[in-house]
Amino acid sequence: MKTYRIADLYCCAGGAGWGYYLTGRFYPEGYDIVDRPNYPCPFNRADAIETLRRIIAGDIVVDAVHASPPCQSKCTLNKGTNKRFAFNYADYYDETKELMDATGLPGVIENPSARPDVVLCGEMFGLGVLRHRKFELVNWTTDFSYKRDHVKHRGRVRGYRHGEWHDGPYIAAYGNGGDKGTVAEMQEAMGITWTDVREELTEAIPPAYTKWVGERLAVHLDAMALEEAA
Ligand SMILES: C[S@@+](CC[C@H](N)C(=O)[O-])C[C@H]1O[C@@H](n2cnc3c(N)ncnc32)[C@H](O)[C@@H]1O
């Protein structure tokens, strides 16, 4: 079977990248603005926007692009009483989307601002986190319906909310504090064994999500390859 090169932009320690690798159809290469020695595939310390410009210029050749621009300016932790902190974080979604469109390549953007073409949740894969994440499909589509495909949660996320303790089958894989998952719990709950850096785990997409997306992206790329060959 044909394999494809995918640029994994804003890769962090590669939760998303590893999911593409697990399909057996992709070789991810990571790009992050800071060194990520735990990234499990070839890695480049590079700005994602600059990397997209290089892809457009033909300087970097790939078959597809995944991008997880930092989400702190929009994520739930920076809403409500924490809203005043949100401006501290850059928002790269608009520029990333514009440049990904311009590559003409099939792409995937994972970000709170992303159009929710696909929305995945840990329970769909039997994981120990809920972690709903939106995926916008750039220059391709797949069949997804939240109503049809989302799976009912087994219970609540373990921890304190509004001063009240809740037990449940899922851990909070974000932030710090006594009620949040430990590093070992986060590794187990998300299926990420190759980093024990708390920040990298709290940022990560469970690989099961991008394995799901990647399997469908590979079908699309196969169809494109057939069309080109005809
Ligand atoms: C939300 S995390 C990505 C998580 C990753 N997809 C995963 O599943 O593990 C965002 C990453 O973007 C990186 N980053 C921030 N600004 C960047 C930039 N301009 N270019 C490349 N990476 C950047 C951060 O260092 C951080 O590792």
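Definitions and cut-offs
Residues numbered from 1 in each chain as written. Predicted model: local features only at pLDDT ≥ 70, side-chain atom pairs only at ≥ 80, totals over all residues. Helix = DSSP H or I, 4+ residues; strand = E, 2+ residues; numbered from the N terminus. Buried ≥ 20, exposed ≤ 12 C-beta atoms within 10 Å, placed from the backbone. Contact = placed C-beta atoms within 7 Å. Axes fitted to C-alpha atoms, helices over the stretch in contact; angles between N-to-C directions. Parallel < 35°, antiparallel > 145°, perpendicular 65-115°, else oblique. Left-handed = near helix turned anticlockwise from the far one by under 90°. Near = placed C-beta within 6 Å. Nonpolar A, V, L, I, M, F, W, Y, C, P; charged D, E, K, R; others polar.

1. Observations regarding the environment of T51
Right, so step 1: Along the chain, T51 falls in helix α2 (residues 48–56).
Right, so step 2: Overall, T51 belongs to the buried group, with 23 C-beta atoms counted inside 10 Å.
Right, so step 3: With 64 residues separating them along the chain, T51 and R115 place their C-alpha atoms 22 Å apart.
Right, so step 4: Not counting residues up to four positions away in its chain, the partners in contact with T51 are A7, L9, Y31, A46 and I60.

2. What to know about the packing of α2 against helix α3 (residues 93–103)
Right, so step 1: At a closest axis distance of 9 Å, the pairing of α2 and α3 adopts a crossing angle of 15°. It follows that α2 is roughly parallel to α3 by the angle criterion. In this structure, α2 meets α3 at a crossing whose hand is left-handed. Mapping the contact onto sequence places A48, I49, L52, R53, I55 and I56 in α2 and E95, T96, L99, M100, A102 and T103 in α3.

3. Re the site of the ligand
Right, so step 1: Close to the ligand lie 19 residues; Y10, C12, G15, S68 and I205 are nearest.
Right, so step 2: Contributing elements (two or more residues each) for the shell around the ligand: α1 (15–22) and β2 (26–32).
Right, so step 3: Across the shell around the ligand, the residue classes tally to 13 nonpolar, three polar and three charged.

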